[in-house]
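Working through the structure, step by step
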Amino acid sequence: DDDGRELFDLPDAPRPDPETPAPPRFLPEFDNLMVGHVDRTRVMAGTDRKRVITGSLVRATLLLDGVVRGTWTIKRDKDVATLTVELFSALSAADRTAAGEEAARLLAFTSPDAQTHDIRFVPAGEPGTHRMSLR
């Protein structure tokens with residue numbers, strides 16, 4: 001690499017077109033992408049590192065186009081499962097829609113018995129939330 005370290009790769013492996021966007025992904029707490037790399041700058045801004053990694057805690061993260069854009073939690077209250085995404089910066093309408101669709105799939109997987117799935121985007125530095133309720 002640029003720092004002279006030996007890297008291991010599969011040089012003949014097929015690669016997607018560099019312009020292909022990565023789909024939104026909700027990574028769990030302590031995901032290997034966050035804990036298994038010395039240099040995380042390819043996926044997370046240095047300023048966001050302290051929001052994701054606090055002491056020995058590594059929070060669950062939202063990736064948009066392969067970059068950490070926020071953290072998330074799921075809370076259960078009786079028959080309501082709420083996924084709250086704390087955003088590090090504002091999202092475009094297209095990114096919010098794509099993240100909302102992936103969030104709905106995550107809630108369907110983690111809380112299939114909940115009568116209501118509630119998705120909340122909490123914008124960075126802004127009061128209030130943007131909510132999506134799914135039944």
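Notes on the structure follow. (Residues numbered from 1 in each chain as written. Predicted model: local features only at pLDDT ≥ 70, side-chain atom pairs only at ≥ 80, totals over all residues. Heavy atoms only, no water.)

Okay, the nonpolar core next. With 17 residues, the main nonpolar core has F26, L62, W72, L83, V85, L87 and F121 as its most contacted residues. Membership of the second largest hydrophobic core comes to ten residues, among which are V43, V52, I53 and L63. (Core = buried A, V, L, I, M, F, W, Y, C linked by side-chain atoms within 4.5 Å. Buried < 20%, exposed > 50% of the residue type's maximum accessible area, 1.4 Å probe, protein only.)

So, about a nonpolar patch on the surface. Nonpolar side chains collect at one region of the surface, where F30, V35 and L57 lie side by side and expose about 250 Å² of accessible area between them. Relative to the helices and strands, V35 resides in helix α1 (residues 32-35). (Patch = residues over 30% accessible without salt bridge, like charges linked within 9 Å, V, L, I, M, F, W, Y side chains within 5 Å. Areas by Shrake-Rupley, 256 points an atom, 1.4 Å probe, with all protein chains shown as cover. Salt bridge = Lys/Arg side-chain N within 4 Å of Asp/Glu carboxyl O. Helix = DSSP H or I, 4+ residues; strand = E, 2+ residues; numbered from the N terminus.)

Right, let's get into the side chain of R69. In this fold, R69 is placed in strand β5 (residues 67-77). Residue R69 is classed as buried on the basis of its relative accessible area, which comes to 17%. Other than its neighbours up to four places away in sequence, R69 contacts L62, L64, E86, L87, F88, S89, A90, L91 and D95. (Contact = heavy atoms within 4.5 Å.)

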